[in-house]
Amino acid sequence: MMKNITLGQYYPVDSLVHRLDPRIKIILTIAMIAAVFMVHSLLGYGLVLLFVWLCARWSNVPFSMLMKGLKSLRFILILTFLLNLLFSSEGAPLVHWGWLNITTGGLSRAVHYSLRLCFLVVGTSLLTLTTSPIMLSDGIELLLRPLRVIHFPAHELAMMMSIALRFIPTLLEETDKIMKAQMARGADFETGNLIARAKAMVPLLVPLFVSAFRRAGDLAMAMESRCYHGGEGRTRLRVLRITRNDWLACGVMALLIAAIVLEGVLVGLLPPMF
């Protein structure tokens with residue numbers, strides 16, 4: 001399960017998407033999320049899926065690696081699907097047996113929100129897989145720099161976000177080591193129902209929190225010993241510049257949003273999703 005989490009991991013290869021400006025990639029990710037919320041039919045989700053597949057091809061990131069990130073969320077996806085399917089009374093009835101009442105509106109809502117959650121996870125995973133933590137931190141800081149006029153701590157916020165993303169794979173690796181150590185001592189994390197598995201995970205929390213606080217303390221001490229004082233007077237090894245490829249990527253995103261808007265206009269008179 002721990003190996004299926006791709007959020008926060010970086011896939012170090014050379015590709016067109018990796019070379020894009022991190023500011024542009026952050027903006028495009030936000031635009032993609034907005035586009036997903038604008039979709040109201042399966043055709044629109046097909047357009048988003050085509051866009052994600054093209055991004056995976058252009059980034060040299062295996063498409064299966066993006067899909068692997070959904071495995072760790074399968075419980076949330078199944079729960080989201082069932083809750084929307086069983087507790088929505090909109091539309092014509094499909095199945096009615098005792099307390100079980102499934103309607104076309106409930107099925108439409110279940111598919112709609114499940115697909116939306118999948119694309120949100122895949123889109124953010126694609127951002128972190130193609131952007132190193134340092135570049136992501138620089139991109140967030142530069143995007144938030146205009147807020148410094150109101151004394152907004154742009155650099156500090158960007159640093160905290162990048163450190164949090166960087167620590168995700170580290171803590172996952174630490175959790176995997178603790179689980180293997182306890183399994184060697186007879187702990188069982190695989191058998192039993194959901195409640196039993198949840199109780200079996202409780203002994204992992206104490207050593208994991210101790211390790212997290214120890215790493216945070218070591219990082220703070222290392223930054224302090226190097227006289228780190230925030231972004232004042234800080235220089236960068238790589239100066240970010242927007243190139244022609246960045247504008248082309250913005251154009252592709254604009255085409256996707258235009259296609260989704262056009263698709264919404266064309267199917268606006270039809271029931272959602274069907």
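You'll find the structure just up there.
Residues numbered from 1 in each chain as written. Predicted model: local features only at pLDDT ≥ 70, side-chain atom pairs only at ≥ 80, totals over all residues. Heavy atoms only, no water.

Digging into the layout of surface pockets
Then comes step 1: Within this model, the second largest pocket holds a volume of roughly 360 Å³.
Then comes step 2: Among the elements that line the lining of the second largest pocket, the one with the most residues is helix α9 (residues 244–266), at five residues.
Then comes step 3: Its residues assigned to classes, the lining of the second largest pocket comprises 14 nonpolar, four polar and one charged. (1 Å grid on protein atoms, 1.4 Å probe; cavity = no way out; pocket = protein on both sides within 12 Å on 5 of 7 lines; lining within 4 Å. Points joined across faces, edges and corners; volume = space filled by probe spheres on them. Helix = DSSP H or I, 4+ residues; strand = E, 2+ residues; numbered from the N terminus. Nonpolar A, V, L, I, M, F, W, Y, C, P; charged D, E, K, R; others polar.)

Quick look at helix α1 (residues 22–38)
Then comes step 1: The terminal C-alpha atoms of α1, which comprises 17 residues, lie 24 Å apart, in line with the 24 Å expected from a rise of 1.5 Å per residue.
Then comes step 2: Of all the residues in α1, the buried ones are Pro-22, Arg-23, Ile-24, Lys-25, Ile-26, Leu-28, Thr-29, Ala-31, Met-32, Ala-35 and Val-36.
Then comes step 3: Considering only its buried residues, α1 is in contact with α2 (42–59), α5 (104–129), α6 (133–144) and α9.
Then comes step 4: For α1, the side-chain oxygen to backbone nitrogen distance between the N-cap and Arg-23 is 2.8 Å, and the N-cap itself is Asp-21. (Expected span 1.5 Å × (residues − 1). Buried < 20%, exposed > 50% of the residue type's maximum accessible area, 1.4 Å probe, protein only. Contact = heavy atoms within 4.5 Å. Polar contact = N/O pair within 3.5 Å; in protein donor to acceptor, adjacent residues only side chain to side chain.)

A closer look at the environment of Leu-208
Then comes step 1: By secondary structure assignment, the location of Leu-208 is in helix α8 (residues 194–225).
Then comes step 2: For the pair formed by Leu-208 and Ile-178, sequence separation is 30 residues and the distance between their alpha carbons is 7.8 Å.
Then comes step 3: Every residue in contact with Leu-208, bar those within four places of it in the chain, is listed here: Leu-171, Glu-174, Thr-175 and Ile-178.

Brief notes about the pattern of salt bridges
Then comes step 1: Applying the stated rule across the entire model yields five salt bridges.
Then comes step 2: Salt-bridge contacts for Asp-21 lead to Arg-23; the nearest nitrogen and oxygen are separated by 2.9 Å.
Then comes step 3: A relative accessible area of 3% places Asp-21 in the buried class.
Then comes step 4: Given a relative accessible area of 19%, Arg-23 falls into the buried group.
Then comes step 5: As a salt-bridge pair, Glu-174 and Arg-215 come within 3.1 Å of each other at their nearest N and O atoms. You can see Glu-174 sitting in helix α7 (residues 154–184) and its partner Arg-215 sitting in helix α8, a full 41 residues away along the chain.
Then comes step 6: Overall, the relative accessible area of 15% leaves Glu-174 in the buried class.
Then comes step 7: The partly exposed category is assigned to Arg-215, whose relative accessible area is 30%. (Salt bridge = Lys/Arg side-chain N within 4 Å of Asp/Glu carboxyl O.)

A closer look at a nonpolar patch on the surface
Then comes step 1: Side chains of Phe-75, Ile-76, Leu-79, Leu-83 and Phe-87 sit close together on the surface and give an oily, nonpolar patch of about 530 Å² of accessible area.
Then comes step 2: Position of Phe-87 relative to the elements: it lies in the loop between α4 (74–86) and β1 (93–97).
Then comes step 3: When its relative accessible area of 68% is taken as the criterion, Phe-87 is described as exposed. (Patch = residues over 30% accessible without salt bridge, like charges linked within 9 Å, V, L, I, M, F, W, Y side chains within 5 Å. Areas by Shrake-Rupley, 256 points an atom, 1.4 Å probe, with all protein chains shown as cover.)

Some thoughts on the side chain of Ser-114
Then comes step 1: If you trace the backbone, Ser-114 turns up in helix α5.
Then comes step 2: Not counting the four nearest positions on each side in its chain, Ser-114 is found in contact with Leu-77, Thr-80 and Phe-81.

Section: the packing of α1 against α6
Then comes step 1: Their axes nearest at 8 Å, the elements α1 and α6 cross at an angle of 75°. In terms of orientation, α1 lies roughly perpendicular with respect to α6. Residues Pro-22, Arg-23, Ile-26 and Ile-27 of α1 form the contact with α6, whose participating residues are Met-135, Leu-136, Gly-139, Ile-140, Leu-142 and Leu-143. (Axes fitted to C-alpha atoms, helices over the stretch in contact; angles between N-to-C directions. Parallel < 35°, antiparallel > 145°, perpendicular 65-115°, else oblique.)

Looking at the packing of α2 against α5
Then comes step 1: At a minimum axis separation of 11 Å, α2 and α5 run at an interaxial angle of 20°. The angle between the axes of α2 and α5 places the two elements in the roughly parallel class. Handedness of the α2/α5 crossing: left-handed. Across the interface between the two elements, Leu-42, Tyr-45, Val-48, Leu-49, Val-52, Cys-55 and Ser-59 from α2 touch Val-111, His-112, Leu-115, Arg-116, Phe-119, Val-122 and Leu-126 from α5.
Then comes step 2: Its residues assigned to classes, the contact of α2 with α5 shows 11 nonpolar, two polar and one charged. (Left-handed = near helix turned anticlockwise from the far one by under 90°.)

Quick notes on the side chain of Ser-137
Then comes step 1: When you line up the elements, Ser-137 lands in helix α6.
Then comes step 2: Aside from chain neighbours lying at most four places away, what touches Ser-137 is Ala-158, Met-159 and Ser-162.

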